[in-house]
Each structure stands twice: as structure tokens, then as C-alpha cells.
Amino acid sequence: MKIKLNFNSIRQALKENRMAWLDMFYILRKELYGIFTDSGVIIIFFIATLVYPLAVCFIYNKEALRDAPIAVVDNSHSSLSRKYIRMIDATPEVKVEYECMSMLEAKELQRKGKVHGIINIPKTFSKDINTNRQTFVNVFADVSSFFWYRNLSVATSYVGRTMGYEIEAKGLIAKGSTYDDAVRNVRKFIPQENVLYNPGGYPSFLAPIVLIILIQQTIMMGIGMMAGKTTERSRWRDLTPNNVHYRGLFRVIFGRALAVFIVYVPISIYLLIIIPHIFNLPALMSSPLELFWFIIPFLFASIFLGMTISTLFYHRENAIPVYIFMSIPILLMSGFSWPREAMPEFWKLFSFVFPSTFASNGFIRMNTMGASLWEISTEHLALWIQVAVYLSTTFVAYRLRLTRKARQERRDERRRLRKLFVKKKYFLPIRK
């Protein structure tokens, strides 16, 4: 059996592949130049990713709200009511700023914003306790913020239980029980709290999700702005300039995607490794290399999704309101404010459209729970599937824009020929 090698065809194929690579690197260089010379893209890619996480983490740097100011109306004026007020003031959640003579005075303070809660101690407070009757303390919480309500309810519940245990234990001791027996009878069991994950407060919970969504949204916003700018400068409102190096669709897609990927590798390191280290956020990942390998498909999925959506933008300003409007729903669907297990099935499935859904879940499990890359293989595989899907949608979207461009070119050419033939007293019909 003889095998004939056609060296000319092999040489031609190698030459074409070489030209494809050269064209792709030319596009990569031009895209990088366009990124670093566009002031709007610089603001989105660099300034926003630099300043926004610092602002968020600085605002919530205290981790938890402490010493919420409250007012107390003591109608009992007894030693027990004064002890109750001292115990309330000793809790870390609230601070007794004002002791008012009436509810009208306390309501006026709350109306002016000087306090965010009111405790009204009844006149029969001490008498009810001393006669073994149940007493009631009225609590008025400011629900303009969930944290005011939470702090006041936690403080009053804790102090109420503690005073109840003390009163019951004193009653048992008065009946002849020893102190240890009285304590054991009052508190049958003592729960011991062990925080498994997220030992900090609000920023430890919020920051990882915000950082992932920030990467995704800034990538898509910047790509949308660059696509709108290219469309504005094109005669036929096309996504690719009239350049011989842009003759292949895949080299255009990969050249632009690699440019954004190269820019966002150091940005991702800054956001996902340096920022948590600066603000002492949980960082239990076994190796930064595992995080980097996990982030690679997230970056490419966000890039290709942004390139797909960018084909709908004809002006660079169109991308900004669209992605700003999308940010809050994406944040809510990530499981930030409501558990994903309790979401309606439609919204749970719809959240799978965005790479940040899988990336935020995987990043939290790696950074906060210390999960390995194998333990988040489901999220990792889902991101790679999104890369393949959005690469396909990008190819189809770009192909549709190129087809539209070709039609417009033929239409303009027919108009030009028609004008030429009309001048020479000929007529050429225009096909729509």
C-alpha cells in the first residue's frame, strides 16, 4: 500500500494556519490597545473594580451592628426595672441613650432619628414578678432597617430569659434547693454555639457574592461599550472593521476574548485573593491555583455571554443602563437574600443563565467552607458547559451581524449602480 503525501497541500494548510494565528494575535493586540486607550472602558475595567470592593468592604468593615441607640420608658421605677435597664444596656446589641418620662417623649426621639427602638416597662413590672405572675414589656422596634429590629429583639429576648432564669432559681433556693441544683433545674441544657462557616458578620457573607458579580458585570459592560463603539464607527454598523486581518470569524472571537481574559486575570487575583486578605475575610481555600483553575471558565463564560449580548448594542452608552438594571436581579437570584432551595423553580432555572450563579456558589464554598476543587466539580463543570454554549451563541450572533452587513453592502451597491444607469438613461430595479 503506497501513501502519497501532497506536500503542497500540507504547506498550504500550514501557511493558512500560520496566517490565522498571526491574524488572531493582530486582533488581540488591537483589542488591548483599544481597551487601554478608551477612557470609558478604563473606568469600567480598572477604576470600578479597584474602588467599588474597597468601598463596600470599608462600609461594612465592622462586621456587625453594635450599640444601637434606644430609649426606655420606666413606669415601674423599682429596683427590678432598674436592673432590667442595666442588663439591657450591658448587651452589645443596644445602648440605652435616653430614659424618658413618657411614651410621647420617646416617640418624638424616634421620629427625629435619635433612637431606633423603644422599651416600655409597665407600672406593675416589679409587683407581677414578686407575686409570681407573668409580666409584659412592650418593645417598639424601628423596622426601617432589619438590623435595628434584630438588635433590639435579640437584646430583649436574651435579658428576658436571663432574668427569668434568675427569678426561678431564687425561688428554688428559697424552697431549700442548693445553688447547683437550682441552676440545673432551671436550665436543663445549655446550648453551645459553634459557628462552622462565616464566623464574621455581614461583609463576610456579602463580599464574596458581590466580588463575583462585579467581575461578571464589568466584563459584560466593557465588552458592550467596545462593541457599541465599533458599531458607531462602522459604515454598515458592523462589529468588525474593514481590515484584512478580521476575515475569519473564529479568530475575531478568540482574539477579542483573549484580550479581555488577559486584562481580567490580574483583576481577578486582586478581587478574589488580595481584597479578602486586606479585610480579613474567610480564605480557607487549599491553594490559589485551584481558585485560578476554577475562575478560568467563569471568565470565559462571562466574556462570551457579554459578546453575545453586545451584538444587540448599536451605541456604546446602551450597555451601561442594561447591565446596571441586571445587577440587582442577578444578586438576588444568587441566593444572597433568599435561599435558593426556597426559590420558585422558574427563577432557579433562569438563574442558571448567568455564570455568576455557579461561580459565586463555588467561590463561597472554596473560600468560606474550605471545599476542594473536586467538591465543587458540579459548579466547575457547569461553567465549562456555559463556555461552550456561549461560544456557540457568540458565533451565531456575529454571523447574523455579518450577514446583515453583506445584505447592506449589496443594497448599497445596487443603489450606486442604479444611479449610474439612470444617468445613462438605463434602469436597474432594486430588490428588497
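Heads up: the structure comes first, above all this text.
Residues numbered from 1 in each chain as written. Predicted model: local features only at pLDDT ≥ 70, side-chain atom pairs only at ≥ 80, totals over all residues. Heavy atoms only, no water.

A. Expanded view of the overall build of the protein. The secondary structure content of the protein amounts to 14 helices and 4 strands. Across the 432 residues of the protein, 42% fall into the buried class. (Helix = DSSP H or I, 4+ residues; strand = E, 2+ residues; numbered from the N terminus. Buried < 20%, exposed > 50% of the residue type's maximum accessible area, 1.4 Å probe, protein only.)

B. Seen up close, helix H6 (residues 146–174). Under the 1.5 Å per step criterion, the end-to-end length of H6 is 42 Å for 29 residues, consistent within 8% with the ideal 42 Å. Of all the positions in H6, only Trp148, Asn151, Leu152, Ala155, Thr156, Val159, Thr162, Met163 and Ala169 are classed as buried. Gly176 occupies a position one or two residues after H6 and carries a positive phi of about 115°. (Expected span 1.5 Å × (residues − 1).)

C. Representation of the layout of surface pockets in the model. A volume near 430 Å³ is recorded for the second largest pocket. Taken together, 16 residues form the lining of the second largest pocket, with Tyr52, Ile213, Leu214, Gln217 and Ser327 sitting closest to its centre. Listing elements by their share of the lining of the second largest pocket, those giving two or more residues are helix H2 (39–59), helix H8 (202–233) and helix H11 (319–333). Per-element accounting of the lining of the second largest pocket gives the leading share, 7 residues, to H8. Partitioning the lining of the second largest pocket into residue classes produces 13 nonpolar, 3 polar and no charged. (1 Å grid on protein atoms, 1.4 Å probe; cavity = no way out; pocket = protein on both sides within 12 Å on 5 of 7 lines; lining within 4 Å. Points joined across faces, edges and corners; volume = space filled by probe spheres on them. Nonpolar A, V, L, I, M, F, W, Y, C, P; charged D, E, K, R; others polar.)

D. Inspection of the sheet that holds strand S2 (residues 94–100) at higher detail. Sheet architecture is open: 4 strands sit in the order S2-S1-S3-S4, paired in mixed fashion. Since the sheet does not close on itself, it has two edges, and those belong to S2 and strand S4 (138–141), each with one partner. Between one strand and the next, the sheet's axes are offset by a mean angle of 25°, whatever the strand orientation. Summarising the sheet, strand S1 (residues 68–74) and strand S3 (residues 117–121) pair through 4 bridges and their orientation is parallel. The residue of S3 that forms the bridge with Ala71 is Ile118. Of the strands in this sheet, S1, S2, S3 and S4 touch helix H4 (residues 103–111), which is tilted by about 170° from S3. Sheet contacts for H6: S1, S2, S3 and S4; angle to S4, the most-contacted strand, approximately 160°. (Pairing = 2+ DSSP bridges. Axes fitted to C-alpha atoms, helices over the stretch in contact; angles between N-to-C directions. Contact = heavy atoms within 4.5 Å.)

E. The arrangement of the side chain of His116 in detail. Its location among the elements puts His116 in the loop between H4 and S3. One polar contact links His116 to Asp142, side chain to side chain, over a distance of 3.0 Å. If sequence neighbours within four positions are ignored, His116 has contacts with Pro69, Gln110, Ala141, Asp142 and Trp148. (Polar contact = N/O pair within 3.5 Å; in protein donor to acceptor, adjacent residues only side chain to side chain.)

F. Summary view of the nonpolar core. Phe45, Val260, Tyr264, Leu272 and Phe304 are the most contacted members of the largest nonpolar core, which has 76 residues in total. Secondary-structure elements contributing two or more residues to this core are helix H1 (7–37), H2, H8, helix H9 (249–278), helix H10 (288–310), H11, helix H13 (355–367) and helix H14 (377–423). Leave out the neighbours within four places in its chain, and Tyr264 touches Ile44, Phe45, Thr49, Ile215, Thr218, Ile219 and Leu299. Among the nonpolar cores identified, the runner-up in size contains 19 residues, and Ala68, Tyr84, Ile129 and Ala155 belong to it. (Core = buried A, V, L, I, M, F, W, Y, C linked by side-chain atoms within 4.5 Å.)

G. View of the environment of Ile296. Tracing the chain through its elements places Ile296 in helix H10. Ile296 gets classed as buried once you look at its relative accessible area, which sits at 13%. Spatially, the C-alpha atom of Ile296 lies 8.6 Å from that of Val265, the residues being 31 residues apart in sequence. If near-sequence neighbours (up to four positions away) are discounted, Ile296 is found in contact with Phe261 and Trp384.

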